[in-house]
Amino acid sequence: DGGITQSPKYLFRKEGQNVTLSCEQNLNHDAMYWYRQDPGQGLRLIYYSQIVNDFQKGDIAEGYSVSREKKESFPLTVTSAQKNPTAFYLCASSKGQFSNTIYFGEGSWLTVV
Amino acid sequence: RKEVEQDPGPFNVPEGATVAFNCTYSNSASQSFFWYRQDCRKEPKLLMSVYSSGNEDGRFTAQLNRASQYISLLIRDSKLSDSATYLCVVTNNNAGNMLTFGGGTRLMVKP
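Described below are features of the structure shown in this document.

1. Thoughts on the state of the cysteines
Residue and element names in this part refer to chain A. Evaluated as defined, the whole model comprises two disulfides over all chains. Disulfide partner of Cys 23: Cys 91, at an S-S distance of 1.9 Å. The sign of the -75° torsion about the S-S bond sets the Cys 23-Cys 91 disulfide as left-handed. With a gap of 68 residues between them, Cys 23 in strand 3 (residues 19–25) and Cys 91 in strand 9 (residues 87–94) connect regions that are remote in the sequence. Neither Cys 23 nor Cys 91 differs from the other in exposure class; each is buried.

2. Observations concerning the interface of chain A and chain B
With 22 residues of chain A at the contact, the number on the chain B side is 18 residues. Buried surface at the junction of chain A and chain B, summed over both partners, amounts to about 1,600 Å²; 57% is from carbon and sulfur atoms. The interface formed by chain A and chain B contains zero salt bridges. Counting every contact that joins chain A to chain B gives one residue pair in polar contact (both at pLDDT 80 or more).

3. Some remarks on the pairing of strand 11 (residues 105–110) of chain B
Residue and element names in this part refer to chain B. Of the two faces of strand 11, only one is covered, namely that formed by Thr 105, Leu 107 and Val 109; the face formed by Arg 106, Met 108 and Lys 110 stays uncovered. Relative to strand 11, strand 9 (residues 84–92) runs antiparallel, the two being bridged by three bridges. Bridging across to strand 11, Thr 85 finds its partner in Arg 106.

4. Details of a positive patch on the surface
A cluster of basic residues, Lys 9 of chain A together with Arg 41, Lys 42 and Lys 45 of chain B, forms a positive patch at the surface. Structurally, the position occupied by Lys 42 of chain B is in the loop between strand 4 (32–38) and strand 5 (44–50). Assessed through its relative accessible area of 44%, Lys 42 of chain B is described here as partly exposed.

5. Here we look at the nonpolar core
In this structure, Phe 21, Trp 35, Ile 71, Leu 73, Ile 75, Tyr 86 and Leu 107 of chain B are the most contacted members of the largest nonpolar core, which totals 23 residues. Mapped by element, the contributors of at least two residues to this core are strand 3 (19–25), strand 4, strand 5, strand 7 (60–65), strand 8 (70–75), strand 9 and strand 11 of chain B. Residues contacting Leu 107 of chain B, with those up to four places away along its chain left out, are Phe 11, Val 13, Val 19, Phe 21, Ile 75, Asp 82, Ser 83, Ala 84 and Tyr 86 of chain B. Tyr 47, Ala 61, Ala 87 and Cys 91 of chain A belong to the second largest nonpolar core, which has 19 residues in total.

Thresholds, definitions, all that
- Residues numbered from 1 in each chain as written.
- Chains lettered and ligands numbered in written order.
- Predicted model: local features only at pLDDT ≥ 70, side-chain atom pairs only at ≥ 80, totals over all residues.
- Heavy atoms only, no water.
- Disulfide = S-S within 2.5 Å.
- Helix = DSSP H or I, 4+ residues; strand = E, 2+ residues; numbered from the N terminus.
- Buried < 20%, exposed > 50% of the residue type's maximum accessible area, 1.4 Å probe, protein only.
- Contact = heavy atoms within 4.5 Å.
- Buried area = accessible area lost by both parts, 1.4 Å probe.
- Salt bridge = Lys/Arg side-chain N within 4 Å of Asp/Glu carboxyl O.
- Polar contact = N/O pair within 3.5 Å; in protein donor to acceptor, adjacent residues only side chain to side chain.
- Pairing = 2+ DSSP bridges.
- Patch = residues over 30% accessible without salt bridge, like charges linked within 9 Å, V, L, I, M, F, W, Y side chains within 5 Å.
- Areas by Shrake-Rupley, 256 points an atom, 1.4 Å probe, with all protein chains shown as cover.
- Lys, Arg positive; Asp, Glu negative; His and termini not counted.
- Charge placed at Lys NZ, Arg CZ, Asp CG, Glu CD.
- Core = buried A, V, L, I, M, F, W, Y, C linked by side-chain atoms within 4.5 Å.

This is how it looks when you write it as structure tokens:
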């Protein structure tokens, strides 16, 4: 089945550690996104990529890094510089920059312990 | 001021009730509008797009008022399964068509 796969679904991190969240899509979509959601709040854009080997900062990029070496993959690294990383992280994709239809993965829950 | 604002709720309604949510947006250049549904601890899923002429999908009706910059969602004959958070989403084609999400309105339908 086509879709977006995020892993891991649950992740615990010690303070000071970097962690990488995986996002893979087999929808042949050009654009991919990472969002963060805090309890009771909407989604905030961390990074997005409209094409392979290119990505742009979103509204809250500080403390995060991404790469887009393959069309199918858009991993997100939460670095130790992110001061409050505990949140629900959602990866998404769309056909292209001006496609209004966006598809989400099931999300990854990151907790700092 | 947030770009997309919603009443967080929760809206507690009995089964069968009609409930309406409103959403306001601040960017007059916004061009596309959507309602997403998000179940607890799950990813958002597209419920319906919102058109200037209004649109209806079964028990759900969405309307857009560009002059006042607000979007509404009406749910008739509420079901227990309608309990979820409803996210208002707008895009601005001049800004790379990025989706901007409201904080969501939580609906709880009780028996």
